[in-house]
Amino acid sequence: MSMIEFHNVNKWYGDFHVLKDINESVESGEVLVICGPSGSGKSTLIRCVNRLEEYQKGHILIEGRDLHGDDVNVNELRSEIGIVFQQFNLYPHLSVLKNITLAPIKVRKTPKKDAEEMAMQLLERVGIHSQATKYPAELSGGQQQRVAIARALAMKPKIMLFDEPTSALDPEMINEVLNVMKDLAREGMTMLCVTHEMGFAREVADRVVFMDFGEILEQAPPDEFFRNPKHERTKLFLKEIL
Amino acid sequence: MNYQFNWKLVLTGEYGQWILQGLWITLEISFVSIVLSMLLGTIIAVFRLSRVKPLVWFSATFTEFFRNTPLLVQIFFWYFGSYAILPDAVNKWLYKQDFEFAAGVISLTVYTSAFIAEEIRSGIFSIPKNQLEASRACGLSFLQAMSFVVLPQAFRIIIPPLISQFLNVIKNSSLVMTIGVMDLTYMARQIESYTFHGFEAFTVSTLIYLVISLIVSLLVNQYNKHFLRFIPH
């Protein structure tokens with residue numbers, strides 16, 4: 001059984017067909033990099049996985065269970081799928097520590113002390129445990145994004161979604177975030193990453209998926225994808241960004 | 001003009017006591033009404049933003065109705081009119097209580113919460129949508145996301161308009177003297193009728209209102225300063 005399966009997923013914004021017949025499956029522990037020009041539907045696709053976006057046709061299965069099945073509690077589902085946004089979206093009124101412990105305490109009912117201990121471990125893992133008592137506005141962009149990753153990991157998710165996690169960062173901060181993501185990939189996390197960081201894709205992706213106009217045009221292991229792209233659109237895209 | 005000012009008369013003895021008793025009632029009715037209208041206003045605002053149609057209609061009607069009718073008429077309605085639609089048992093029970101005070105609190109609360117709901121709603125709108133999204137994405141329910149993420153940020157932004165609502169409650173509470181609540185204004189009026197020293201009585205009560213209002217806005221501003229540090233605008 002695959003971790004995530006997309007069956008004929010279609011989505012429209014009014015008349016605009018954003019996702020067209022998406023069929024794909026992601027195995028447990030697999031790292032998928034999704035790339036493509038802006039407006040191609042990549043963010044929309046991964047946001048469908050935790051139901052931040054609704055789709056009108058088709059099915060998405062997580063470990064065999066339909067996302068929209070009657071037995072699915074959306075809050076429980078989301079708590080098992082972490083997401084990291086382009087704009088970090090940390091809670092500005094809470095300290096770094098509280099940003100991380102909020103969901104474990106409120107959703108999982110983890111005792112405060114345990115949640116804080118876990119948060120400190122996660123902060124250590126992303127390399128910023130000395131900033132626990134600070135507020136998001138006091139941190140750099142790269143540090144904020146690492147807090148956002150720790151916040152998502154605090155729910156011990158089975159899947160991590162990354163929605164252009166480095167696009168809002170200054171160039172010198174991109175690597176500190178990518179390194180955390182690489183560690184995660186090596187530890188066996190199932191990851192769907194929308195990113196333009198082709199170095200990251202080369203190094204840790206199991207497969208690279210190329211999307212345009214709401215369709216998956218091609219997908220291949222990184223070596224093959226970069227060396228021998230098949231589709232004209234892909235060739236053009238790679239020429240533009242590499 | 002041969003008016004003899006007599007401040008001592010108003011500030012000491014029995015009349016001084018009346019002023020203090022009135023002040024206490026004013027503080028009590030304002031405090032209770034502020035707390036209740038914050039609660040009710042929050043509920044009305046969250047109803048208005050929910051996706052449940054009947055709740056949206058209810059809160060929209062509530063807000064427009066109570067915001068656009070005079071407070072004095074509402075006070076009279078609750079005091080003189082509400083018994084007609086309440087069950088007998090409730091009426092009997094109510095008359096054994098301090099009905100004037102209760103009618104005063106109800107009208108002040110309902111009236112003020114309509115305004116507060118609008119402030120809260122605009123506060124919630126000013127919080128970026130991605131805050132709700134980020135918290136829902138972690139598995140928080142809509143109510144949890146509202147209570148722990150959106151509302152705490154919204155409240156900090158709307159503190160200045162909220163202060164003026166609180167101050168309005170304190171000032172508006174003077175209207176409840178018309179249904180016999182013995183508040184500061186009622187007592188000042190009473191002293192005037194007993195002593196004909198209306199100038200002193202109303203000067204003292206005016207100054208007391210002024211001081212209470214200044215203290216309230218000072219306190220809330222301090223709170224504001226302390227908590228707004230890290231909220232970027």
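This text goes with the structure placed above it.
Residues numbered from 1 in each chain as written. Chains lettered and ligands numbered in written order. Predicted model: local features only at pLDDT ≥ 70, side-chain atom pairs only at ≥ 80, totals over all residues. Heavy atoms only, no water.

Points about the pairing of strand β3 (residues 31-35) of chain A
Residue and element names in this part refer to chain A.
Moving on, step 1. For β3, the tally of buried residues reaches five of five residues, placing the bulk of the element in the interior.
Moving on, step 2. Both faces of β3 are covered, namely the face carrying Val31, Val33 and Cys35 and the face carrying Leu32 and Ile34.
Moving on, step 3. The sheet contact formed by β3 and strand β8 (residues 190-194) spans four bridges and is parallel. Bridge assignment links Val33 to a residue of β8, and that residue is Cys193. (Buried < 20%, exposed > 50% of the residue type's maximum accessible area, 1.4 Å probe, protein only. Helix = DSSP H or I, 4+ residues; strand = E, 2+ residues; numbered from the N terminus. Pairing = 2+ DSSP bridges.)

Focus: the pattern of salt bridges
Moving on, step 1. Scanning the model with the defined rule gives 22 salt bridges over all chains in all.
Moving on, step 2. A salt bridge links Arg146(A) to Glu176(A); the nearest nitrogen and oxygen atoms lie 2.9 Å apart. Of this pair, Arg146(A) sits in helix α5 (residues 141-153) while Glu176(A) is found in helix α6 (residues 171-186), placing the two residues 30 residues apart along the sequence.
Moving on, step 3. Taking relative accessible area as the criterion, Arg146(A) reaches 11% and is therefore assigned buried.
Moving on, step 4. A relative accessible area of 25% places Glu176(A) in the partly exposed class.
Moving on, step 5. Overlapping salt bridges bring together Lys11(A), Arg47(A), Glu53(A) and Glu133(B) as one network. (Salt bridge = Lys/Arg side-chain N within 4 Å of Asp/Glu carboxyl O.)

With respect to the environment of Phe6(A)
Residues and elements named next belong to chain A.
Moving on, step 1. Position of Phe6 among the secondary structure elements: in strand β1 (residues 4-13).
Moving on, step 2. Residue classification places Phe6 among the buried residues on the basis of a relative accessible area of 3%.
Moving on, step 3. Sequence spacing of Phe6 and Ile62 is 56 residues, and the spatial spacing of their C-alpha atoms is 9.1 Å.
Moving on, step 4. With sequence-adjacent residues up to four places away left out, Phe6 is seen in contact with Ile22, Asn23, Glu24, Leu45, Val49, His59, Ile60 and Leu192. (Contact = heavy atoms within 4.5 Å.)

Let's talk about the interface of chain B and chain A
Moving on, step 1. Opposite the 20 residues of chain B that make contact, chain A presents 25 residues.
Moving on, step 2. Contact between chain B and chain A buries roughly 1900 Å² in total, counting both sides, with carbon and sulfur atoms accounting for 62%.
Moving on, step 3. The interface formed by chain B and chain A includes one salt bridge.
Moving on, step 4. For Arg47(A), the salt bridge is made with Glu133(B), and the minimal N-O distance between the two is 2.7 Å.
Moving on, step 5. Between chain B and chain A we count seven residue pairs in polar contact (both at pLDDT 80 or more) in total.
Moving on, step 6. Of all the secondary-structure elements, those providing two or more residues to the side of chain B that touches chain A are α7 (129-137) and α8 (142-157) of chain B.
Moving on, step 7. Of all the elements, α7(B) adds the most residues to the side of chain B that touches chain A, at seven residues.
Moving on, step 8. Of the residues contributing to the side of chain B that touches chain A, the split by class is ten nonpolar, seven polar and three charged. (Buried area = accessible area lost by both parts, 1.4 Å probe. Polar contact = N/O pair within 3.5 Å; in protein donor to acceptor, adjacent residues only side chain to side chain. Nonpolar A, V, L, I, M, F, W, Y, C, P; charged D, E, K, R; others polar.)

Description of unusual backbone geometry
Residues and elements named next belong to chain A.
Moving on, step 1. Here the phi dihedral of Asn89 falls at roughly 55°; this positive angle occurs in a residue that is not glycine.
Moving on, step 2. Within the element layout of this structure, Asn89 appears in the loop between β6 (81-84) and α3 (96-106).
Moving on, step 3. Using a relative accessible area of 5% as the deciding quantity, one classes Asn89 as buried.
Moving on, step 4. Its identity is not glycine, yet Phe213 carries a phi of approximately 50°, on the positive side.
Moving on, step 5. Following the sequence through the fold, Phe213 ends up in the loop between β9 (207-212) and β10 (215-220).
Moving on, step 6. By relative accessible area, which is 59% here, Phe213 ends up exposed.

Re the nonpolar core
Moving on, step 1. The biggest cluster of nonpolar side chains holds 50 residues, and the ones touching the most others in it are Ile100(A), Leu123(A), Ile149(A), Met160(A), Phe162(A), Met181(A) and Met191(A).
Moving on, step 2. Top element by residues in this core is α6(A). It accounts for eight residues.
Moving on, step 3. Beyond its immediate chain neighbours, meaning those up to four positions away, Met160(A) contacts Gly82(A), Val84(A), Ile149(A), Ala152(A), Leu153(A), Leu184(A), Met189(A), Thr190(A), Met191(A) and Leu192(A).
Moving on, step 4. With 42 residues, the next largest nonpolar core counts Ile116(B), Met146(B), Ile170(B) and Val216(B) among its residues. (Core = buried A, V, L, I, M, F, W, Y, C linked by side-chain atoms within 4.5 Å.)

A closer look at the packing of α7(B) against α8(B)
All names here are of chain B.
Moving on, step 1. At a minimum axis separation of 9 Å, α7 and α8 run at an interaxial angle of 140°. Relative to α8, the element α7 lies oblique. Handedness of the α7/α8 crossing: right-handed. On α8, the residues that touch Gln131, Leu132, Ser135 and Arg136 of α7 are Phe142, Ala145, Val149, Val150 and Gln153.
Moving on, step 2. Taken together, the residues of the contact of α7 with α8 break down into five nonpolar, three polar and one charged. (Axes fitted to C-alpha atoms, helices over the stretch in contact; angles between N-to-C directions. Parallel < 35°, antiparallel > 145°, perpendicular 65-115°, else oblique. Left-handed = near helix turned anticlockwise from the far one by under 90°.)

Description of the sheet that holds strand β4 (residues 57-62) of chain A
Strand pairing in a sheet is mediated by backbone hydrogen bonds. Such pairs are either parallel or antiparallel.
All names here are of chain A.
Moving on, step 1. Overall, antiparallel pairing links the four strands, which are arranged β2-β1-β4-β5 in an open sheet. Every interior strand has two partners, whereas the edge strands, β2 (16-26) and β5 (65-66), have only one.
Moving on, step 2. Bridging between β1 and β4 involves five bridges; their strand directions are antiparallel. Bridge pairing in β4 links Ile4 to Ile62.

Some points on the pairing of β9(A)
Residues and elements named next belong to chain A.
Moving on, step 1. With six of six residues buried, β9 lies mostly within the body of the structure.
Moving on, step 2. Side chains of β9 alternate between two faces, with Arg207, Val209 and Met211 and Val208, Phe210 and Asp212 buried alike.
Moving on, step 3. Note that β3 and β9 share four bridges and pair parallel. Within the sheet, the bridge partner assigned to Val33 lies in β9 and is Val208.

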